[in-house]
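Chains, contacts and geometry: an overview
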Amino acid sequence: MPLDRPVINSNIPHSARIWNYWLGGKDCYEIDRQVGDEIRGVNPQIVDIARAQRAFLRRTVTHLTEVAGLRQFLDIGTGLPTVDNTHEVAQRTARDARVVYVDHDPTVLAHANALLTSSPEGATAFIDADLRDPDTILERAADTLDLTRPVALMLLGITAHVPDESAYDVVTRLLDALPSGSHLVFCDSTEVYRPEAMRVMVEHWNEASDNPRVNRSPEQLARFFDGLEPLEPGLVSVARWRAEKDGSDEPWEVDCFGGVGRKP
């Protein structure tokens, strides 16, 4: 059943629309382009980060379907539909893959029907919920996913919006509910290569957006993988995670670190 479209205030910038703008999408308003350009002005690498993160999604999901044999994905902090959404990547290899998307941004909800497409053999669903409410997410995800079988929990650039220590508790609660063989696909922003620009970007973002965020060190990000078996090459700049040797111009060093861990 199609989801109801919420009312959108086009005069207030939204993180999902700004991110969509950086990815080259069209689902944004003038205020989003304005703030996006202002942030890019103080941190030009932000567009590289957005695009490297999307490439990281493609590579990790492809690995999990082709090599690890996973057929279930729980993608929290979905963002606006764009090229190579999780279900599209997964179902290229596994047409029976089942994907549940989760987001609470009204802009994303308004476009969520674009995510509710699937091969006949698979399934997709959308949950309007906040990462900070893992129990609701798990309860509703169980309508589409079999939580007794391995699931890929995807948290791409989302824990930065939970700026305190509770972020670790939330991720632990989600992983605890998933069985052995499940995987965490994770990435978030750091201040390794261009620390001043990344700090200024967060300050500007938090002044302009209603969805504040924080940068974490690689050591802080590594804590999200506690108790998991890391896949090579571990936690690295997302552009370096099993990068495709295709001669593309994808940047090698971006201030977004990510990795994949398997629950033993």
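Before reading on, note that the structure itself is shown above.
A short tour of the structure in this document, coming up. From a predicted model like this one, the values you see are computed outputs, not experimental measurements. (Residues numbered from 1 in each chain as written. Predicted model: local features only at pLDDT ≥ 70, side-chain atom pairs only at ≥ 80, totals over all residues. Heavy atoms only, no water.)

So, the overall build of the chain
Put simply, the rule is: Think of it this way: any DSSP run of H or I at least four residues long counts as a helix, any run of E at least two long counts as a strand, and we number them from the N terminus. Each residue gets one of three labels from its accessible area relative to the maximum for its type: buried under 20%, exposed over 50%, partly exposed in between, using a 1.4 Å probe on protein chains only. Note on definitions: a residue-residue contact is assigned when non-hydrogen atoms from the two residues lie within 4.5 Å. Residue-level accessible areas treat just the shown protein chains as cover; the underlying method is Shrake-Rupley with a 1.4 Å probe.
When its secondary structure is counted, the chain shows nine helices and eight strands. Counting the 264 residues in the chain, one finds 54% classified as buried. Of all intrachain contacts in the chain linking residues separated by at least 6 positions in sequence, the fraction that spans at least 24 positions is 74%. A total of about 11500 Å² of accessible surface is found on the chain, and carbon and sulfur atoms cover 48% of it.

So, the pattern of salt bridges
Going by this rule: The salt bridge criterion pairs a side-chain nitrogen of Lys or Arg with a carboxyl oxygen of Asp or Glu, the two atoms within 4 Å.
With the rule as written, the count across this model stands at twelve salt bridges. A salt bridge links aspartate 135 to arginine 173, with the nearest nitrogen and oxygen atoms 2.7 Å apart. Of this pair, aspartate 135 sits in helix H6 (residues 134-141) while arginine 173 sits in helix H7 (residues 166-176); the two residues are 38 residues apart in sequence, bridging distant segments of the chain. Across the salt bridge formed by arginine 223 and glutamate 165, the nearest N and O atoms sit 3.2 Å from each other. You can see arginine 223 sitting in the loop between helix H9 (218-222) and strand E6 (229-230) and its partner glutamate 165 sitting in the loop between strand E4 (152-156) and H7, a full 58 residues away along the chain. When its relative accessible area of 38% is taken as the criterion, arginine 223 is described as partly exposed. One network of salt bridges, with partners in common, ties together Arg58, Asp84 and Arg92.

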